[in-house]
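Here's the letter readout for the chains.
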Amino acid sequence: MHTERSEELYSRAKELMPGGVNSPVRAFLSVGGTPRFIRRAKEQYLYDEDGNAYIDYIGSWGPMILGHNPDFVLDAVRKQLENGLSYGAATALEVEMAELIHEIVPCVEMMRMVNSGTEAVMSAVRAARGFTGRDKIVKFEGCYHGHADAMLVKAGSGVMTSGIPDSSGVPRGCTADTLSAVYNDLDSVERLFQQYPSEIACVIVEPVAANMGVVVPKKSFLPGLRQLCDQYGALLIFDEVITGFRLQIDGAIGHFGITPDLVTYGKIIGGGMPVGAYGGRKEIMQLVSPLGSVYQAGTLSGNPVAMCAGLTQLRYLKAHPEVYRQIGFLSHRLRSGLEEIIRRYHAPCTVNGIGSLSCLYFTPEPVTDYTSAKKADTQQFKEYFHYMLDTGSYFGPSQFEAAFVSNAHTLREIDKTLADAEDYFASRNF
Ligand SMILES: *Cc1c(COP(=O)(O)O)cnc(C)c1O
């Protein structure tokens, strides 16, 4: 596989951008080697600057649930482009977006569009603190909620891979009110509530943790969180930046039948454009400016081109429930194929997943939280990753990222990936 052009771009990029990238995982630091510079993408494939094609199991980290560049999304965006890129004023598109989201997820009674998942989380936490008049928040080890100061405590994939427990540049005061609990361990949450019965504003959780690989909640976990929050007067926030409109059209809220007080969205909601959103109970959201005292704003929030892309993709998803059956089926095939290979070659691995999210961990033990995820052998992952990349399957360049399947994938790609994975495991000695 030729990578000369990517190598050249990487060396130029490193001169001017930290790590040569604009978001850390793209630098391949945890797997080594040259990050591939992507020239274009179509449907289930990425094409790099050297002309190599890859089956894409990242999907821009989630947004491209229909595959890259569906014609009808491009057509809608092209039409919108003719009308202008940004106005800094209200538009019909924003109203239609809010109405559609409310129709799909009725408990989102009121919402605000922002520009990223980070912003959505930061703003939702501010609203929760404003509403409850409390300062402390509970998050889970290994859950990632974007890079806002208060959230950079045991924060999953990017931070996890580089082995940095925290970030420098975050004043101690900013995380002093951030308490961490153990995913899938209700007792660890209850202990925090017992310690601070009237100080916790909210519990924020990825309803399926998808930034420490993929960790599915135990049956009692989310109902237990709901119950504890109610008991202690705290708000429950679902960070559905990955799971929203992915697990099923109404996300984890629909899938698990648990209603949070606030929810955050990103990724899919923008159809590949920079969009996030937060919303939930009206009495909480009515506190957000200009109605209430919780300040939050954005020059490009609700950007018409971004709204158009996201809205067009969401409308399609709502009208085509078979998408979810198909991506679930393909992803299940990927997982069961990998499990079979693992058994056959006695590989010390575990496969986790749900719906269209999967993760192959290089540890034989069950992965149910951050501690068990960290047992994975990242050196083994690194070898596997490069073998798969060189044979044309592009997985996230870290052990702790999820593999995403889109509606543009077919059994052909899944089976090709499985055949290559089989060759890899057959050539190792376990
Ligand atoms: C990606 C992600 C975020 C951050 O979103 P950005 O758009 O990258 O700021 C927050 N929460 C979860 C669960 C995510 O996966």
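Residues numbered from 1 in each chain as written. Predicted model: local features only at pLDDT ≥ 70, side-chain atom pairs only at ≥ 80, totals over all residues. Heavy atoms only, no water.

**Considerations on the sheet that holds strand S9 (residues 262-265)**
With respect to topology, seven strands assemble into an open sheet ordered S4-S10-S9-S8-S7-S5-S6, the strand pairing being mixed. The strands lining the two open edges of the sheet, one partner per strand, are strand S4 (110-114) and strand S6 (178-181). Each neighbouring strand pair of the sheet contributes to a mean axis angle of 20°, computed without reference to strand direction. One ladder, built from four bridges, connects S9 with strand S10 (residues 276-280); its direction is antiparallel. Looking at the pairing, threonine 264 lines up with tyrosine 278 of S10. Contacting S4 and S9, helix H3 (residues 92-104) crosses the sheet at an angle of about 125° to S4. (Pairing = 2+ DSSP bridges. Helix = DSSP H or I, 4+ residues; strand = E, 2+ residues; numbered from the N terminus. Axes fitted to C-alpha atoms, helices over the stretch in contact; angles between N-to-C directions. Contact = heavy atoms within 4.5 Å.)

**Thoughts on the site of the ligand**
Near the ligand, the surroundings consist of Ser116, Gly117, Thr118, Tyr144, His145, Gly146, Glu206, Asn211, Asp239, Val241, Ile242 and Lys267. Here an oxygen atom of the ligand and a side-chain polar atom of threonine 118 are 2.6 Å apart. Relative to its free-state accessible area of 380 Å², the ligand is covered by the protein chains to the extent of 84%. Split by residue class, the shell around the ligand holds three nonpolar, six polar and three charged. (Near = heavy atom within 4 Å. Polar contact = N/O pair within 3.5 Å; in protein donor to acceptor, adjacent residues only side chain to side chain. Areas by Shrake-Rupley, 256 points an atom, 1.4 Å probe, with all protein chains shown as cover. Nonpolar A, V, L, I, M, F, W, Y, C, P; charged D, E, K, R; others polar.)

**Overview of the nonpolar core**
Core analysis: the largest hydrophobic core is formed by 110 residues, its most contacted members being Ile101, Phe140, Tyr265 and Tyr384. Taken domain by domain, the makeup of this core includes at least three residues from each of domain 1 (4-69 + 321-426) and domain 2 (71-319). Those residues in contact with tyrosine 265, other than ones at most four positions away along the chain, are Ile101, Val105, Val108, Gly117, Ala120, Glu240, Val241, Gly244, Phe245, Ile253, Gly276 and Ala277. Core analysis: the second largest hydrophobic core is formed by 20 residues, Ala120, Ile204, Leu262 and Met285 among them. (Core = buried A, V, L, I, M, F, W, Y, C linked by side-chain atoms within 4.5 Å. Buried < 20%, exposed > 50% of the residue type's maximum accessible area, 1.4 Å probe, protein only. Domains from an automatic or database assignment.)

**Examining the layout of surface pockets**
In this structure, the second largest pocket spans a volume of roughly 390 Å³. Taken together, 21 residues line the second largest pocket, and the ones lying closest to its centre are Glu94, Arg112, Met113, Ser301 and Gly302. Every element with two or more residues in the lining of the second largest pocket is listed here: H3 and S4. Its residues assigned to classes, the lining of the second largest pocket comprises 10 nonpolar, nine polar and two charged. (1 Å grid on protein atoms, 1.4 Å probe; cavity = no way out; pocket = protein on both sides within 12 Å on 5 of 7 lines; lining within 4 Å. Points joined across faces, edges and corners; volume = space filled by probe spheres on them.)

**Some words on the sheet that holds strand S14 (residues 403-404)**
What links the strands of a sheet is backbone hydrogen bonding, and the strands pair in either a parallel or an antiparallel sense. Read across the sheet, three strands follow the order S11-S12-S14 without closing on themselves; strand pairing throughout is antiparallel. Looking at which strands have only one partner, the edges of the open sheet turn out to be strand S11 (350-354) and S14. Relative to S14, strand S12 (residues 357-361) runs antiparallel, the two being bridged by two bridges. Counterpart to leucine 357 in the pairing with S14 is phenylalanine 404.

**A closer look at the packing of H3 against helix H11 (residues 304-319)**
Their axes nearest at 10 Å, the elements H3 and H11 cross at an angle of 30°. In terms of their interaxial angle, H3 and H11 are classed as roughly parallel. The hand of the H3/H11 crossing is left-handed. Residue-level inspection shows Leu93, Glu94, Glu96, Met97, Leu100, Ile101, Glu103 and Ile104 of H3 in contact with H11, the latter providing Pro304, Met307, Cys308, Gly310, Leu311, Leu314, Arg315 and Lys318. Of the residues assigned to the contact of H3 with H11, the class counts are 10 nonpolar, one polar and five charged. (Parallel < 35°, antiparallel > 145°, perpendicular 65-115°, else oblique. Left-handed = near helix turned anticlockwise from the far one by under 90°.)

**Considerations on the domain arrangement of the chain**
As assigned here, the chain comprises domain 1 (4-69 + 321-426) and domain 2 (71-319). Computed over C-alpha atoms only, the centres of domain 1 and domain 2 are separated by 25 Å. Each partner contributes to the interface: domain 1 provides 35 residues, whereas domain 2 provides 39 residues. Between domain 1 and domain 2, roughly 3000 Å² of surface is buried when both sides are summed, and carbon and sulfur atoms account for 66% of that area. Area buried by domain 1 at its contact with domain 2 is led by Tyr324, Ile354 and Tyr370, which between them contribute 24% of it. At the boundary of domain 1 with domain 2, the tally comes to one salt bridge. Residues lysine 42 and aspartate 71 are paired through a salt bridge, measuring 3.4 Å at the closest nitrogen-oxygen approach. Across the domain 1-domain 2 interface, the total number found is 12 residue pairs in polar contact (both at pLDDT 80 or more). Mapped onto the side of domain 1 that touches domain 2, the elements with two or more residues apiece are helix H12 (322-344), S11, S12 and helix H13 (370-373). Per-class residue counts for the side of domain 1 that touches domain 2 are 20 nonpolar, 11 polar and four charged. (Buried area = accessible area lost by both parts, 1.4 Å probe. Salt bridge = Lys/Arg side-chain N within 4 Å of Asp/Glu carboxyl O.)

**Some details on the packing of H12 against helix H15 (residues 411-426)**
Orientation of H12 relative to H15, taken along the N-to-C sense of each, is 15°, at an axis distance of 10 Å. Judged by the angle between their axes, H12 and H15 are roughly parallel. When the axes of H12 and H15 are compared, the crossing they make is right-handed. Where H12 abuts H15, its residues Phe329, Leu330, Arg333, Leu334, Gly337, Leu338, Ile341 and Arg344 lie against Leu411, Ile414, Asp415, Thr417, Leu418, Ala421, Glu422 and Phe425. For the contact of H12 with H15, a count of residues per class yields 10 nonpolar, two polar and four charged.

**Some details on the environment of methionine 388**
Checked against the element boundaries, methionine 388 lands in helix H14 (residues 378-390). On the basis of relative accessible area, methionine 388 is assigned to the buried category, the value being 0%. Placed 329 residues apart in sequence, methionine 388 and glycine 59 show a C-alpha to C-alpha distance of 16 Å. In this view, methionine 388 contacts Ser393, Phe395, Thr417, Asp420 and Ala421; residues no more than four positions away in its chain are not counted.

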